[in-house]
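Remarks on the overall topology
If you want the building blocks of each chain, they are given just below.
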Amino acid sequence: EDQVTQSPEALRLQEGESSSLNCSYTVSGLRGLFWYRQDPGKGPEFLFTLYSAGEEKEKERLKATLTKKESFLHITAPKPEDSATYLCAVQLSYQGSQGNLIFGKGTKLSVKP
Amino acid sequence: DARVTQTPRHKVTEMGQEVTMRCQPILGHNTVFWYRQTMMQGLELLAYFRNRAPLDDSGMPKDRFSAEMPDATLATLKIQPSEPRDSAVYFCASGYTKGVHTIYFGEGSWLTVV
């Protein structure tokens, strides 16, 4: 069964305290791995797509990396405005999969000033 | 900015009533998804369409949920009759199917069934 697991469920950081969020996946074939940010009362907002092991993407204080079994979202010197739930999702490659995403349950990040 | 538009944003209804949620996908996108989000289950896929044709609705309770796409600019999700366990946030998302493609989400329809 295709599965995406995120850890930790919740993470509390002090402003400036760098850390990483984990997304591990077990899928029959990976077409792409996605990171989204979701603020309370809002829809998921696209951050990154990673296609193959070894790939890295960066945006401001965020850097996403991908291996054959997991992805990390590194947050460097976070600020309170980085507080949100971060969702990881995979897009499958096997025939019949038409592009839908399988989501993890997310990591709720709180950054205190 | 192109965006997915959903209506209503909030809906409170009584058990047994019909609920219809509407979605306008991003112009040019050929794939439309309906997801449901709850605290317990997270984001779950209910149904999706490609070029307006339904591809998979296995995530929906068939007896009460239905999804349609009457034209390229409108997707609907209907619940009849609604039940308290249907209370959740319903998201519409759209994308363009070509290789790895990014899916963009609307702001959601917050449904409470009392």
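Here, every reference points to the structure presented above.
How each quantity is defined
- Residues numbered from 1 in each chain as written.
- Chains lettered and ligands numbered in written order.
- Predicted model: local features only at pLDDT ≥ 70, side-chain atom pairs only at ≥ 80, totals over all residues.
- Heavy atoms only, no water.
- Salt bridge = Lys/Arg side-chain N within 4 Å of Asp/Glu carboxyl O.
- Buried < 20%, exposed > 50% of the residue type's maximum accessible area, 1.4 Å probe, protein only.
- Core = buried A, V, L, I, M, F, W, Y, C linked by side-chain atoms within 4.5 Å.
- Helix = DSSP H or I, 4+ residues; strand = E, 2+ residues; numbered from the N terminus.
- Pairing = 2+ DSSP bridges.
- Axes fitted to C-alpha atoms, helices over the stretch in contact; angles between N-to-C directions.
- Contact = heavy atoms within 4.5 Å.
- Buried area = accessible area lost by both parts, 1.4 Å probe.

**Here we look at the pattern of salt bridges**
Counted by the stated rule, this structure contains ten salt bridges over all chains. With its nearest N and O atoms 3.0 Å apart, the salt bridge here joins D39(A) to R37(A). With a relative accessible area of 24%, D39(A) lands in the partly exposed category. Between K62(B) and D57(B) there is a salt bridge whose closest N-O contact spans 3.5 Å. Salt bridges linked by common partners bring R64(B), E83(B), R85(B) and D86(B) together as one network.

**Quick notes on the nonpolar core**
Ranked by size, the top nonpolar core spans 23 residues in total, and within it L33(A), W35(A), L73(A) and Y86(A) carry the most contacts. Listed by contribution, the elements that provide at least two residues to this core are strand 2 (10-14), strand 3 (19-26), strand 4 (30-38), strand 5 (45-50), strand 7 (62-66), strand 8 (70-75), strand 9 (84-92) and strand 11 (107-112) of chain A. Among the elements that take part in this core, strand 9 of chain A stands out by supplying five residues, more than any other. Counting 22 residues, the second largest nonpolar core, distinct from the first, contains I26(B), W34(B), A75(B) and L111(B).

**Re the sheet that holds strand 3 of chain A**
All names here are of chain A. Ordered in space as 1-3-8-7-6, the five strands form an open sheet in which the pairing is antiparallel. Of all the strands in the sheet, just strand 1 (3-7) and strand 6 (56-59) have a single pairing partner and so form its edges. Here the strands of the sheet are splayed against their neighbours by 15° on average, with no regard to which way each runs.

**Brief notes about the sheet that holds strand 1 (residues 5-7) of chain B**
Strands pair in a sheet through their backbones, by hydrogen bonds, and they do so in one of two ways: parallel or antiparallel. Residues and elements named next belong to chain B. Across the sheet, which stays open at both edges, the four strands sit in the order 1-3-8-7 with antiparallel pairing between neighbours. Strands at the two margins of the open sheet, each flanked by one partner only, are strand 1 and strand 7 (65-71). Adjacent strand axes in the sheet meet at a mean angle of 20°, parallel and antiparallel pairs treated alike. Note that strand 7 and strand 8 (residues 74-79) share five bridges and pair antiparallel. Within strand 8, the residue paired with S66 across the bridge is K78.

**Quick look at the interface of chain B and chain A**
The partner chain A presents 21 residues to the 24 residues of chain B that form the contact. A combined buried area of about 1,800 Å² lies between chain B and chain A, and 57% of that area is made up of carbon and sulfur atoms. Where chain B touches chain A, the interface holds one salt bridge. The closest approach of N and O atoms between K42(A) and E107(B), which form a salt bridge, is 3.8 Å.

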